[in-house]
Amino acid sequence: MRLILIGPPGSGKGTQAKLLAERLALAHISTGDILREAIDTGTPAGKKAAPFMTQGRLVPDEVVNEIISDRFKRPDRPERFVMDGYPRTSAQAAAFDGILKQNHLPLDAVLILLVNIDELVRRITGRWNCPKCKASFHVPDRPPRLAGICDDCGTKLVQRNDDQESTFRERERIYEANLKELESFYDRQGLARRVAGTGQITTIFQTIIQALPRANQPVAHS
Ligand code: AMP
């Protein structure tokens, strides 16, 4: 199965993409994670991306398109995947379309998570991440067992600097500005499916599974 997950910052798309990847055995491709790693390791792409990311702005299309194009040129290119945070603009969607066509990998669905802005602010300002193993937590929704410490590897948790409220609002504004074109791009291909992104993580996950094309839904185990 080949999926794209689209949603505003704080909509839980990273969490849902991880669940989809585990449950459906898909590669989880997050441009946000790839870019943060590129910044940490000081690669040329990371150096180009850093000033945009700290301001909550989009990294230029050509930088992210090249990262994704390289990923699909590798011998271990993914055949079944969930894209998390890419494409984000219509130019990226068009570039990705070309990459997928070249590789004969048609998409199965594009899932769009819907969450209202007040809920997004509440979620994003409570978000804590593990810089080592990338686990994410939320206070008060999903707090770590020990305050400020990762449950999985014991590392001190941090807040992303683009999760400050003012930076978040800028990211949300940019998301909305690009959404219409992205939606119509995938509506024209009959791939877009809108999913309510509020409620428990497991409930949202079930709603996503139900929105998948029938033939791709996992078989329920008794
Ligand atoms: P995310 O982890 O998906 O929220 O992404 C964090 C930040 O990385 C975004 O605010 C952008 O600055 C940058 N970023 C991630 N994916 C993209 C993309 N597809 N296009 C442009 N910038 C991106």
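Up top is the structure these notes are about.
Treat the numbers as computed from the prediction; the structure is a model and nothing was measured.

Engineer: Would you mind going over the site of the ligand with me for this structure?
Structural biologist: Taken together, 17 residues lie near the ligand, and Thr31, Arg57, Gly85, Arg88 and Gln92 sit nearest. Lys13 is positioned such that a nitrogen or oxygen atom in its side chain is 3.3 Å from an oxygen atom of the ligand. In this structure, a nitrogen atom belonging to the ligand sits 3.0 Å away from a main-chain N or O atom of Val59. Here the ligand, which alone exposes 480 Å², has 96% of that area covered by the protein. Looking at which element gives the most residues to the shell around the ligand, the answer is helix H2 (residues 31–41), with 4 residues. The residue makeup of the shell around the ligand, split by class, is 6 nonpolar, 4 polar and 7 charged.

Engineer: Can you help me understand the pairing of strand E1 (residues 2–6) in this one?
Structural biologist: Along a regular strand, successive side chains alternate from one face of the sheet to the other. Among the 5 residues that make up E1, 5 are buried, leaving the element largely enclosed by the rest of the structure. In E1, alternate side chains face the same way, and those of Arg2, Ile4 and Ile6 on one face and Leu3 and Leu5 on the other are all buried. Two elements, E1 and strand E3 (residues 81–84), share 4 bridges in a ladder whose sense is parallel. Each residue of the ladder has a partner; that of Ile4, found in E3, is Met83. By the bridge criterion, 4 bridges tie E1 to strand E4 (residues 109–114) in an arrangement that is parallel. Across the sheet, Ile4 pairs through a bridge with Val110, a residue of E4.

Engineer: Before we go on, may I ask you to explain the sheet that holds E4 in this structure?
Structural biologist: Strand order across the open sheet formed by 5 strands is E2-E3-E1-E4-E7, with parallel pairing between neighbours. The open sheet terminates on both sides in strands that have one partner only, identified here as strand E2 (27–30) and strand E7 (192–196). In this sheet, neighbouring strand axes are inclined to one another by 20° on average, regardless of whether the strands run parallel or antiparallel. Against the sheet, helix H8 (residues 201–211) engages E4 and E7, with an angle of about 155° to E7.

Engineer: Quick question: what am I supposed to make of helix H4 (residues 61–71) here?
Structural biologist: Because an α-helix completes one turn every 3.6 residues, residues spaced three or four positions apart along the sequence face the same direction. Among all positions of H4, only Val63, Val64, Asn65, Ile67, Ile68, Ser69 and Arg71 are buried. Next to the buried residues of H4 lie E2, H2, helix H3 (44–54), E3 and helix H5 (90–102).

Engineer: In this structure, what is going on with the packing of helix H6 (residues 117–125) against helix H7 (residues 165–188)? I would like to understand it.
Structural biologist: For any two helices packed against each other, the geometry is given by the interaxial angle and the distance between the axes. Running from N to C, H6 and H7 point in directions that differ by 135°, and their axes come no closer than 10 Å. The orientation of H6 relative to H7 falls into the category oblique. Regarding H6 and H7, the two cross each other, and that crossing is right-handed. Across from Ile117, Leu120, Val121, Ile124 and Thr125 in H6, the residues of H7 making contact are Glu165, Phe168, Arg169, Arg171 and Glu172.

Engineer: Please explain the environment of Pro213 as it appears in this structure.
Structural biologist: By the secondary structure assignment, Pro213 is in the segment after H8. Pro213 sits in the buried class, given a relative accessible area of 18%. Residues Pro213 and Ala109, 104 residues apart in the sequence, show an inter-C-alpha distance of 7.2 Å. When residues no more than four places from it in sequence are discounted, the contact partners of Pro213 are Asp108, Ala109 and Arg193.

The rules behind each value
- Residues numbered from 1 in each chain as written.
- Predicted model: local features only at pLDDT ≥ 70, side-chain atom pairs only at ≥ 80, totals over all residues.
- Heavy atoms only, no water.
- Near = heavy atom within 4 Å.
- Polar contact = N/O pair within 3.5 Å; in protein donor to acceptor, adjacent residues only side chain to side chain.
- Areas by Shrake-Rupley, 256 points an atom, 1.4 Å probe, with all protein chains shown as cover.
- Helix = DSSP H or I, 4+ residues; strand = E, 2+ residues; numbered from the N terminus.
- Nonpolar A, V, L, I, M, F, W, Y, C, P; charged D, E, K, R; others polar.
- Buried < 20%, exposed > 50% of the residue type's maximum accessible area, 1.4 Å probe, protein only.
- Pairing = 2+ DSSP bridges.
- Axes fitted to C-alpha atoms, helices over the stretch in contact; angles between N-to-C directions.
- Contact = heavy atoms within 4.5 Å.
- Parallel < 35°, antiparallel > 145°, perpendicular 65-115°, else oblique.
- Left-handed = near helix turned anticlockwise from the far one by under 90°.

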